[in-house]
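Now for the letters of each chain:
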Amino acid sequence: MIKVLLITISIFVLLFLESFLFEIFSFSLFILFVLTLWKRINPVVFYILITLFGVILDSVNHFPLGTHVLVVSLLLMFLDLLSVVIPSEGKLQYFGIFLSISLYYILLLVIGSLLRDNVFPKIDVSKLVNILFVSIISTFFCIVINRLLKVFRYEDSRGKLSLD
Amino acid sequence: MRKKFDLKSYSKLLFLIFSIVLVLLGQTALGDRIKYPFSYIFSPIHVYGSNVGKGVNNWKEALIDASSYIKEFNDMKEEIARLKVENSEKLLDYNEYLSLKEQSTFVVNEGKYIQAKIISNNMEGSILINIGKENGVEIGDIVILGRVYIGMISDVSLYSSRVRLPLNPSSSFEVIVLPNSVDLNKENRIDSMVKSTGVVIGKSDNILIENMGINSEVKDGDFVLIRDSRVGDILVLGTLLGVSNNPASTNKSGFVSPIFDYGNILNVYILKK
């Protein structure tokens, strides 16, 4: 029960932050949320959360239903393909994350426009530069989150060892 | 030995299939019904978050442009001093009176207006406004400012709506071109003054106008007015720019410079008939 309550409150907070940050920097928290939770929680819970948050974003941003979910599912496939070329461990993994985040923004722009208006959007240099810039910032946040999670895990395991 | 079917290894593929089904579902009438409760619950948070973000963004832009503001402030001080010397206060009052008089005659008299604030304009050729179904907004409603056409409602939720601007690539209208000497506030019969008809198409960055008569005497600066059955009223779109001059062509084309910079508008009006 407490978990459901926590998830509900988290969704409200995340949505507020998503709208807030998107308005200021065109920065999406949703993709960070996806990449942070991917392979870290139960896949079924992950898919339910992504679908829920994706549908919420579609509703409030006036995207056709399923746009965000479709983009994420394509991104997960891309991540799988990428793991063949780029190792999913070590420092090189962040290059893969950077590519995935860039692809998320491009796919959202393209699929959103195709489903909504049946037209292919115009992607000019300024848009690409903006996407690259936001992707670099997002990758940086991913690195910070990964490091923090590692520190917490280390602290946790150290405590267990001392008990033994 | 037969391999056991592992659901986890196919989870991504299943999720992709599910997402495609969801998208297809979204294209039917059921899509709006699914979105409705989410929109009802989460739209206020989104609008609040966007407004707070906009406030911070204004401060951010103000800080970035601080040096230009200082220069502008100094220029204005000089300007004020000069105006005081010239005793132009009366002239300013008179100009204000004239512009107010002009604005009052600009408004389309028929129908009811609903005022709306722009939440965000970062989407591809469209803007979000802060009113929706609750205020009676419907898809196809026209959004105007004075007599100027701003866009058409293309998607409505309970508390917000999406306005498709003329810049949007899926936006196209029939238009007429009038000489720039015409006073749109005085002239009621504009048919005799039409230089040419044409079609405008959004191109993300600008508005393209095509199919103007090759023998028509259209020139840069002429007024472009929308006369389309979907819009109803004749509304101003902008002024003509960069008219092509190719004698081999069967028609003339050019660009339309909108009256307003869509990124700088704060309030708009929805015309309900």
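Just so we're clear, the structure is a prediction, and the values are computed from it rather than from any experiment.

A. Geometry of the overall build of chain A. When helices and strands are counted, chain A shows six helices and zero strands. When its helices and strands are written in sequence order, chain A yields α-α-α-α-α-α. Within chain A, buried positions represent 35% of all 164 residues. Taking the contacts inside chain A whose residues are at least 6 apart along the sequence as the reference set, 56% of them involve residues at least 24 apart.

B. Molecular detail of the nonpolar core. Of all hydrophobic cores here, the largest spans 40 residues; its most connected members are Ile129(B), Val143(B), Val175(B), Ile209(B), Val224(B), Leu225(B) and Leu237(B). The contacts of Leu237(B), once residues within four sequence positions are left out, are Tyr149(B), Pro166(B), Val175(B), Val200(B), Val224(B), Leu225(B), Ile226(B), Val256(B) and Pro258(B). One finds Phe53(A), Val134(A), Phe15(B) and Leu22(B) within the second-largest nonpolar core, a separate group that totals 36 residues.

C. Examining helix 2 (residues 29–64) of chain B more closely. Residue and element names in this part refer to chain B. With 36 residues, helix 2 extends only 46 Å from end C-alpha to end C-alpha; this falls clearly short of the ideal 52 Å at 1.5 Å per step. Along helix 2, the sharpest kink reaches roughly 50°, centred on phenylalanine 42 and followed within four residues by the proline proline 44. Looking at helix 2, one finds that the buried residues are Lys35, Ser39, Phe42, Ser43, His46, Gly49, Ser50 and Gly53.

D. Region of interest: helix 2 (residues 29–37) of chain A. Of all the positions in helix 2 of chain A, only Leu29(A), Phe30(A), Ile31(A), Leu32(A), Val34(A) and Leu35(A) are classed as buried. One or two residues past the end of helix 2 of chain A sits Lys39(A), with phi positive at roughly 70°.

E. Representation of the packing of helix 4 (residues 67–85) of chain A against helix 1 (residues 11–26) of chain B within the structure. At a closest axis distance of 8 Å, the pairing of helix 4 of chain A and helix 1 of chain B adopts a crossing angle of 155°. Judged by the inter-axis angle, helix 4 of chain A sits roughly antiparallel to helix 1 of chain B. The two elements helix 4 of chain A and helix 1 of chain B cross, and the hand of that crossing is left-handed. When helix 4 of chain A is examined against helix 1 of chain B, the residues Val69(A), Leu70(A), Ser73(A), Leu76(A), Met77(A) and Asp80(A) are found in contact with a partner set consisting of Lys12(B), Phe15(B), Leu16(B), Ser19(B), Ile20(B), Leu22(B) and Val23(B).

F. Fine view of unusual backbone geometry. Residue Asn118(A) is not a glycine yet carries a positive backbone phi of 60°. Here Asn118(A) shows up in the loop between helix 5 (93–117) and helix 6 (125–163). With 9 C-beta atoms counted inside 10 Å, the residue Asn118(A) sits in the exposed group. In this model, Ser204(B) sits at a positive phi of 65°, which is unusual for a non-glycine residue. By the element assignment, Ser204(B) lies in the loop between strand 7 (196–202) and strand 8 (207–213).

G. Inspection of the interface of chain A and chain B at higher detail. Of the residues lining the interface, 32 residues belong to chain A; the matching set on chain B comes to 41 residues. By residue class, the composition of the side of chain A that touches chain B is 19 nonpolar, eight polar and five charged.

Rules of the game
- Residues numbered from 1 in each chain as written.
- Chains lettered and ligands numbered in written order.
- Predicted model: local features only at pLDDT ≥ 70, side-chain atom pairs only at ≥ 80, totals over all residues.
- Helix = DSSP H or I, 4+ residues; strand = E, 2+ residues; numbered from the N terminus.
- Buried ≥ 20, exposed ≤ 12 C-beta atoms within 10 Å, placed from the backbone.
- Contact = placed C-beta atoms within 7 Å.
- Core = buried A, V, L, I, M, F, W, Y, C linked by C-beta atoms within 7 Å.
- Expected span 1.5 Å × (residues − 1).
- Bend = angle between axes of the 7 residues up to and from the residue.
- Axes fitted to C-alpha atoms, helices over the stretch in contact; angles between N-to-C directions.
- Parallel < 35°, antiparallel > 145°, perpendicular 65-115°, else oblique.
- Left-handed = near helix turned anticlockwise from the far one by under 90°.
- Nonpolar A, V, L, I, M, F, W, Y, C, P; charged D, E, K, R; others polar.

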